[in-house]
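Report on the structure
Take a look at the letters that make up each chain.
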Amino acid sequence: DPHRAEELVGVGAILPLLLRHQKVKRAKDLTALPPPANDEEDLDVAELSLMALGELVVVATAHLHKAGWELNSDEKNEVAFVNADNNVMQSVPPSLGDNVAWEREALLDLILLLTPKEVRDDGSARWPLHVRHFVRSGQRGGRGDLAVLDVALLGQQGALRQLHIGPWRGMEEMDPVIDEVALHETRGENVESWLHTTVAGLVTLFADANRPVVLAGAGGGSVLCFLRKYLPDMDVVAAEPCPQAASALVEYFGIPTTFLRVMDPVDLVKDGAGAVAVDLRGESGATVLTGVEALLRSIRDRKPQVVVFCLGSAEKQAVAVKNMVDKELGASVVVRELRQGGDSDTGIANGVLVVGPPGEALVPARWQASQLAGKLPFKLSTSKEVDSVIHLEWSESDGVAPAEGGPAAQRAEVPEADDMWACFGSDDEGTPGPEAPVDTPWLKPEYWAELGGGLAVTDNPSTSMGVPDGFAEGLKKTLEESGYVVSDNPVLEKQQLRPLIDAMQRIQAAGWPPVAIFCFDMAWNVLMSLWDVAETILGPCSLEPSFTAFRLNYVKPKDVGNNFGLPHRDYAFSEALDEERNPKVLSVWFPLNDITTSNGCMYIVPRENDPYWEVEEKGIIGDAHLAPNAGIRALAPYPAGTFMAWYGNTVHWGSGCLKEGAKDPRASFALVFRRADVAPDEGTPVIPRSALTSPASLHTRLRQVEKSLDYFAHWYPMPADVKAKLAAVPKPE
């Protein structure tokens, strides 16, 4: 019964069933080992649990078929999902649409969870989702159930450990996840999310070194451990009212018992407490509101300076908290909502409320004046308040924000000089950047020549490697019709491009991201050939400074240089095309090796299949504005050197590298060309073709590598060691 199946998901039945299924030891063929390796009762319960889970998978498979998807297996005999209309294969379950209940979507994820990734010699197994610990709360609908889950990392032996409250809602649903930590990382080194960064930042901003800080609810301990590490002189302690949660934190998250108090947070709030951070996500509405009301009364009596409420996506709870603040505290305080992002029109709501005196300001100047804030590895970079909503952005503490009226505020225009990238500086005289290491071999061409295996690193002007005769015929017409184009034949042959692939592999092994390939002459010569083709479509054009390179990493899919796997538009309709519907910009994607759906390809929504083609929106798009699956096209398989391009408003995204493609992961260039008669974006000077026909030093190229990494930092932060090395590059005077 499909309805009964979804009811079981909704009341939290999945995790205890998985726990029982996973408890028994297994042979290499996945069968359960007989006694004495396993207890007889455990074997019986595991068998019954698997039967129940199998029935749920049958229901999930029926939902897939109805939506036009089939189950299949890939080359490694692992589960794959295949669209019946276009044969697109993917390793994760498809979305069934915006209006589908989360219980049904979670059923699809269950398909991938019943088979272990491997069985170890001792009979224990590594699961895609390993239920380490589970405690039933007894609350209706499983709303207070507590679980510790290990989510396997793609291609790695490690896992992300989650503290989970409430019914399991699927692999991508984060609302029930109180905290998440990487088991291979040292606790307290970093805070990974905007939410935890904000909580840690606000506690630091309003705390007093002579007053205690109480965290009401420890979450998974990330904020607690972070504050204890970076502010060792502060009295920071977490009051965890749930004994089961406190026990799980100690046993599974390594939180020292001295960091915790198993008690009501209200009882721990002391006179003049500097700040209180409350994590209420995942609890039932009644429990949350009761706890908040008691805490607010303690605030009124004991007057901590600021209170931070973290409510996740619980909008009703946020409204209720605001009402309680009005009732308990009146005009003596104000309630401000915090949102991620410096733009008041696009900030992301995260359910963070700050209760404090009316005059308290959350501004970068206050952060700079704080002695405690200077000890943290991040800083408050942007703060804008509009109608009691504060939009915040954080950045690394060693970052340098542009001064008012500085480069970011100047009018962007094409440099008239013929020197390489005048906007980035080409003069190699000057002083080293901040934090320059003593030994800097990467500032010398010889270092890169050795990494490049013979590829040249000179000051010579770039020259095109040529384009086959008649190559561009028909490209422009196809582009107009479909919003994208793929050439019938390669621009350059595979053997010509192989040296770049080999060099990319070596520079990645040396700790550099793939975009560092642009230190070599050959990368620019290839780019010049692509420029030749782009000009047959756009006419005279310039290069956007956001050009980059990719080489996917199956083992470390989150490292810089990997794919961006969410459907998006780079430009809004009016930014991409002029009034005559001629392209203003052209995105070019150029594979250096043969491309398949296994080693990582691009996906496109053709113009004719996109009902939202003319929307004035850009960035990541949701399922509501994405074409049906039948309208999606995989740009694979295609040989190395194939020219691929699309309009700026064409929906596209890149897939990751699967295990079967890991021996030859996708390597590619990504470029954007802009028509010479179209004004560049403000603050983003373009690069004229004449710049590439002028001498370009290694230092100039390294500065552009740094600019490219900064440009894509919202996808993948620049590695700290790479950042330090690039800081050593001499800056132009």
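First, a word on scope: everything that follows refers to the structure included in this document.

The rules behind these values
Residues numbered from 1 in each chain as written. Predicted model: local features only at pLDDT ≥ 70, side-chain atom pairs only at ≥ 80, totals over all residues. Heavy atoms only, no water. Helix = DSSP H or I, 4+ residues; strand = E, 2+ residues; numbered from the N terminus. Buried < 20%, exposed > 50% of the residue type's maximum accessible area, 1.4 Å probe, protein only. Contact = heavy atoms within 4.5 Å. Areas by Shrake-Rupley, 256 points an atom, 1.4 Å probe, with all protein chains shown as cover. Phe/Tyr/Trp six-rings, centres within 6.5 Å; stacked < 30°, edge-to-face > 60°. Lys NZ or Arg CZ within 6 Å of the ring centre and 35° of its normal. Core = buried A, V, L, I, M, F, W, Y, C linked by side-chain atoms within 4.5 Å. Axes fitted to C-alpha atoms, helices over the stretch in contact; angles between N-to-C directions. Left-handed = near helix turned anticlockwise from the far one by under 90°. Nonpolar A, V, L, I, M, F, W, Y, C, P; charged D, E, K, R; others polar. Patch = residues over 30% accessible without salt bridge, like charges linked within 9 Å, V, L, I, M, F, W, Y side chains within 5 Å. Salt bridge = Lys/Arg side-chain N within 4 Å of Asp/Glu carboxyl O. Lys, Arg positive; Asp, Glu negative; His and termini not counted. Charge placed at Lys NZ, Arg CZ, Asp CG, Glu CD. Pairing = 2+ DSSP bridges. Expected span 1.5 Å × (residues − 1). Arc of directions from axis to C-beta. Polar contact = N/O pair within 3.5 Å; in protein donor to acceptor, adjacent residues only side chain to side chain. Parallel < 35°, antiparallel > 145°, perpendicular 65-115°, else oblique.

What follows concerns the overall build of the chain. Helix and strand counts for the chain stand at 19 helices and 29 strands. Sorting the 733 residues of the chain into buried and exposed places 52% on the buried side. In the chain, of all internal contacts separated by at least 6 residues, the share reaching a separation of at least 24 is 72%. Only carbon and sulfur atoms are counted for the fraction: they give 50% of the accessible area of the chain, which is about 32,700 Å².

Turning our eyes to something else, we now look at the packing of aromatic side chains. Think of a pair of aromatic rings as described by two things: how far the centres are apart, and how the planes are tilted against each other in angle. Following the criterion strictly, the structure yields 14 aromatic pairs and no others. Members of the aromatic cluster, connected to one another through ring pairs, are Tyr447, Trp448, Trp512 and Phe520. If you follow Lys725 out to its NZ or CZ, it ends over the ring of Trp442, 5.4 Å from the centre.

So, about the nonpolar core. In terms of nonpolar packing, the biggest core is built from 75 residues, with Trp448, Trp512, Ile517, Phe518, Phe643 and Phe669 touching the most fellow members. For this core, the leading source of residues is helix α15 (residues 521-538), giving 12 residues. Residues in contact with Trp512, not counting those within four places in the same chain, are Trp442, Tyr447, Trp448, Leu451, Ile507, Val722, Lys725 and Leu726.

This part is about the environment of Gly188. Considering the arrangement of structural elements, one finds Gly188 in the loop between β9 (177-182) and α5 (194-206). On the accessibility criterion, Gly188 (6% relative accessible area) is buried. Once residues within four sequence positions are removed from consideration, Gly188 is found in contact with Cys225, Phe226, Lys229 and Tyr230.

Turning our attention to the packing of helix α13 (residues 475-482) against α15. Packing of α13 against α15 leaves a shortest axis separation of 9 Å and a crossing angle of 65°. For the pair α13 and α15, the crossing hand works out as right-handed. Residues Leu475, Lys476 and Leu479 of α13 form the contact with α15, whose own contacting residues are Val533, Thr536 and Ile537. Class assignment for the residues of the contact of α13 with α15 results in 4 nonpolar, 1 polar and 1 charged.

Quick look at the environment of His699 now. With respect to the element layout, His699 can be found in helix α18 (residues 698-711). On the basis of relative accessibility, which here comes to 15%, the residue His699 falls in the buried class. It is 9.4 Å that separates the C-alpha atoms of His699 and Pro445, two residues lying 254 residues apart in sequence.

Another point: a negative patch on the surface. Together, Asp39, Glu40, Glu41, Asp44 and Glu47 give the surface a local cluster of negative charge. When you line up the elements, Asp39 lands in the loop between α2 (14-22) and α3 (40-66). Among the residues examined, Asp39 registers a relative accessible area of 44% and is labelled partly exposed.

The next thing to look at is the sheet that holds strand β8 (residues 159-165). In space, the 4 strands of this open sheet follow the order β6-β7-β8-β9, with antiparallel pairing throughout. If you trace the sheet from one side to the other, it starts and ends with β6 (129-135) and β9, each paired once. Neighbour to neighbour, the strand axes of the sheet diverge by 15° on average, direction disregarded. As defined by bridge partners, β6 adjoins strand β7 (residues 146-152) across 6 bridges and the pair is classed as antiparallel. The partner of His133 across the bridge, within β7, is Val148.

Within the secondary structure, Asp42 is located in helix α3. For Asp42, the contacting residues outside a window of four places in its chain are Arg20, Lys23 and Val24.

Before going further, it helps to examine α15. An ideal rise of 1.5 Å per residue puts 26 Å on 18 residues; α15 measures up with 25 Å between its terminal C-alpha atoms. Directly after α15, the chain includes Gly539, whose backbone phi takes a positive value near 85°.

This paragraph deals with helix α7 (residues 243-253). Here α7 has its buried residues at Ala245, Ala246, Ala248, Leu249, Tyr252 and Phe253. Projection of α7 onto a plane perpendicular to its axis shows the buried side chains occupying an angular sector of 160°, all on one side. Buried-residue contacts for α7 involve β6, β7, β8, β9 and β12 (260-261).

Moving on: the pattern of salt bridges. Here the structure, examined in full by the defined rule, presents 20 salt bridges. The closest approach of N and O atoms between Glu6 and Arg104, which form a salt bridge, is 2.8 Å. You can see Glu6 sitting in helix α1 (residues 2-10) and its partner Arg104 sitting in helix α4 (residues 102-110), a full 98 residues away along the chain. Residue class for Arg104 comes out partly exposed when judged on its relative accessible area of 27%. Residue Asp594 is joined to Lys494 by a salt bridge in which the shortest nitrogen-to-oxygen separation is 2.5 Å. Placement of Asp594 in the loop between β23 (585-591) and β24 (602-604) and of Lys494 in helix α14 (residues 494-509) is noted, with a sequence separation of 100 residues between them. Classification of Lys494 as partly exposed rests on a relative accessible area of 41%.

Buried residues dominate strand β29 (residues 667-675), accounting for 9 of its 9 residues. Along β29, one buried face is formed by Ala667, Phe669, Leu671, Phe673 and Arg675 and the opposite face, lined by Ser668, Ala670, Val672 and Arg674, is buried too. In terms of strand pairing, strand β20 (residues 541-543) meets β29 through 3 bridges, oriented antiparallel. If you follow Ser542 over to β29, its bridge partner there is Arg674. The sheet contact formed by strand β21 (residues 548-551) and β29 spans 4 bridges and is antiparallel.

For the rest of this paragraph, the subject is the environment of Tyr230. Along the chain, the position of Tyr230 falls in helix α6 (residues 222-230). A sequence separation of 142 residues divides Tyr230 from Leu372, and the C-alpha atoms of the two residues are 9.1 Å apart. Once residues lying within four places of it in the same chain are set aside, the contact partners of Tyr230 are Gly188, Glu189, Lys375, Leu376 and Pro377. Side-chain polar atoms of Tyr230 contact the backbone oxygen of Glu189, separated by 2.8 Å.

Looking now at unusual backbone geometry. For the peptide bond that leads from Pro35 to Pro36, omega is 10°, which places it in the cis range. Take Pro36: it is sitting in the loop between α2 and α3. Backbone torsion omega between Ala636 and Pro637 reads -5°, so that peptide bond is classified as cis. Note that Pro637 resides in the loop between β26 (633-635) and β27 (642-647). Even without being glycine, Leu30 reaches a positive phi, approximately 80°. In this structure, Leu30 sits in the loop between α2 and α3. Not every positive phi belongs to a glycine, and Arg581 is a case in point at roughly 65°.

Remark: α2 packs on α3, axes separated minimally by 8 Å, with the N-to-C direction vectors making an angle of 135°. Considering the angle they form, α2 stands oblique to α3. Judged by the twist between their axes, the crossing of α2 over α3 is left-handed. Mapping the contact onto sequence places Ile14, Leu17, Leu18, Arg20 and His21 in α2 and Asp42, Val45, Ala46, Ser49, Leu50, Ala52, Leu53 and Leu56 in α3. Along the lines of polarity and charge, the residues of the contact of α2 with α3 split into 9 nonpolar, 2 polar and 2 charged.

By themselves these figures say nothing about function.
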